Amino acid sequence: MDQQTQSGRMTQRYLKKREAILHAAAQLFNQHGIKGATLSDVAGRVGLSTNSITYYYKKKEDLVVACLLGSIDVINDIISVAAESANAEDRVHQFIRLFFTRLGQIQGDEAPEMMTFREVQVLGSPHAEVIFAAYTGMFRRVRQLLIINAVTSDNRVSLNARSHLLLTLTLGAMTWLSRYDPEDYELVAASMSSILIGGLASDTSQWRYVALDDSLAQAPGSSDTTQDAFLRAATALINELGYRGASVDRISARLKVTKGSFYHHNPNKDDLISECFERTFSVTRRMQMIARAGEGSGWDKLCAVSRALVSYQFSGQGPLLRMSAWSELPDDIRDNKLKTINQLGLRFVGLLVEGMKDGSIRPLDQSVAAFQVSGMINASIVLDRWVPDIAAENAVELFVRPLFLGILSA
């Protein structure tokens, strides 16, 4: 065997083993979070020692970056195919359909695992900068799918907000699509496309503010106690930097208090983080209950509670905690928080069904629609990264309205 042939075979073995490592790592990171999965776990799944893994990726962060970049490459390829469609409606439909097709291939072991983006906040420098740059490039490609007329200073802000909505909701399917049979993925993709393109309203419904909006705006929110200040600071830091990034030192520094003051009010960080979830659950639950008991159609109730929750993010009482943070929690409290998240999501199903009964919401798959409403509210937490001038005054019109009336609507 000549040296060139031997070298080629070694290269093929190296590439094949690297692909196996990336596949196993993406699965483990998705299942247990970046913090919960170790290089040793990855090594055990592919039949290597931990030292052998470091031959391919010296640190876990390097492996995380490689998994995320691999996902971005796959999505960019999907965007490129979708971009060949002649009009924006077809481009959006193709993007969602092709993405769901890929998830079906993964489910059937016909394609390697893709890593979700729910924990990108936990990456530190310089890894975070690498991923953010690649994600920004992907975001810009998705934005091209939505362009109908020339981009101007007048419509760029709206276009950025709707691009964030489309990309985030599509990627969010990675966390809920497995609840469906893979044979139904194409139907689910069609339902999601119909919802994003056509909105939720029936022919008789209008986007309007109602008395319920005032009731929700006046609902009791956060207090001005020191403990609530700790909760708001910790929530903001988790949204920005992830569970690990929200350290005791950072929380204390944001409030300009000492670590001693932190521990005077909080037994430990984990208890405070758990309270952050409960605070978000409480606000969401309270607003949902007010909407459900209020007057008006199902459409009016769903619109009002969605407007209220997104407005809350940008108010002095906000923000709410991003729901994807559950994956970073310690094992002993993770499942309980995820259970509550799912329960709150089901409340949106109830409002959707009410709207379809009274004719204010057009017939659609209410489960898929509820995922979109929940996903939109959660995505609004990081909306300021893509729309720098976003505020309570314009967030609702720029981000909530497109979901309810259609992502391509004027």
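Everything that follows concerns the structure shown earlier in this document.
This brings us to the overall build of the protein. When helices and strands are counted, the protein shows 17 helices and zero strands. The C-alpha atoms of the protein give a radius of gyration of 22 Å, which matches the 22 Å a tight globule of 410 residues would have. Projecting the C-alpha coordinates of the protein onto the three principal axes gives extents of approximately 80 × 60 × 40 Å. Counting all 410 residues of the protein, 51% fall into the buried class. For the protein, the proportion of contacts with a sequence separation of at least 24, taken over those separated by at least 6, is 76%. When the accessible surface of the protein is summed, it comes to about 18,900 Å², and 49% of that surface belongs to carbon and sulfur atoms. Charged side chains of the protein number 43 positive and 44 negative; the gap between the two group centres comes to 4 Å.

A separate point is helix α10 (residues 226-245). Residues lying three or four places apart along an α-helix face the same way, a consequence of the helix completing one turn every 3.6 residues. Helix length check: α10, at 20 residues, gives a terminal C-alpha distance of 21 Å against a target of 28 Å (1.5 Å per residue), a shortfall beyond 12%. At asparagine 239, α10 shows its largest kink, close to 95°. Judged by how many residues are buried, α10 sits mostly within the fold: 15 of 20 residues are covered.

On to the nonpolar core, then. Formed by 113 residues in total, the largest nonpolar core has its most connected members in Phe95, Phe100, Leu200, Leu302 and Phe404. If one sorts the elements of this core by residue count, helix α4 (residues 60-82) sits on top with twelve residues. Not counting chain neighbours up to four residues away, the residues in contact with leucine 302 comprise Leu200, Phe348, Leu351, Leu352, Ile361, Val373 and Phe404. Counting 23 residues, the second-largest nonpolar core is a separate cluster that includes Phe230, Ala246, Phe281 and Leu329.

Inspection of every chain in the model, using the stated rule, returns 15 aromatic pairs. Aromatic side chains tyrosine 135 and tryptophan 386 sit 5.6 Å apart centroid to centroid with 35° between the ring planes, which places their arrangement in the tilted category. Here tyrosine 135 is found in helix α6 (residues 127-146), whereas its partner tryptophan 386 is found in the loop between α16 (366-379) and α17 (392-405), with 251 residues between them in sequence. The pair tyrosine 135 / tryptophan 386 is uniform in exposure class, with both members buried. With a centroid separation of 4.5 Å and an interplanar angle of 10°, the aromatic rings of tryptophan 176 and phenylalanine 371 are classed as stacked. Note that tryptophan 176 is positioned in helix α7 (residues 156-176) and phenylalanine 371 in helix α16, a separation of 195 residues in sequence.

With that out of the way, let us pick up the pattern of salt bridges. Where side chains of opposite charge bring their charged atoms close, a pairing between them can arise. For the structure shown, the criterion picks out nine salt bridges. The residue lysine 301 makes a salt bridge to glutamate 354 at a minimum N-O spacing of 2.7 Å. Placement of lysine 301 in helix α14 (residues 298-313) and of glutamate 354 in helix α15 (residues 331-358) is noted, with a sequence separation of 53 residues between them. We classify glutamate 354 as partly exposed; its relative accessible area is 26%. Ionic contacts of the salt-bridge type, sharing partners, join the residues Asp228, Arg232 and Arg279 into one network.

Calculation rules
- Residues numbered from 1 in each chain as written.
- Predicted model: local features only at pLDDT ≥ 70, side-chain atom pairs only at ≥ 80, totals over all residues.
- Heavy atoms only, no water.
- Helix = DSSP H or I, 4+ residues; strand = E, 2+ residues; numbered from the N terminus.
- Rg over C-alpha atoms; globule rule 2.2 N^0.38 Å.
- Buried < 20%, exposed > 50% of the residue type's maximum accessible area, 1.4 Å probe, protein only.
- Contact = heavy atoms within 4.5 Å.
- Areas by Shrake-Rupley, 256 points an atom, 1.4 Å probe, with all protein chains shown as cover.
- Lys, Arg positive; Asp, Glu negative; His and termini not counted.
- Charge placed at Lys NZ, Arg CZ, Asp CG, Glu CD.
- Expected span 1.5 Å × (residues − 1).
- Bend = angle between axes of the 7 residues up to and from the residue.
- Core = buried A, V, L, I, M, F, W, Y, C linked by side-chain atoms within 4.5 Å.
- Phe/Tyr/Trp six-rings, centres within 6.5 Å; stacked < 30°, edge-to-face > 60°.
- Salt bridge = Lys/Arg side-chain N within 4 Å of Asp/Glu carboxyl O.

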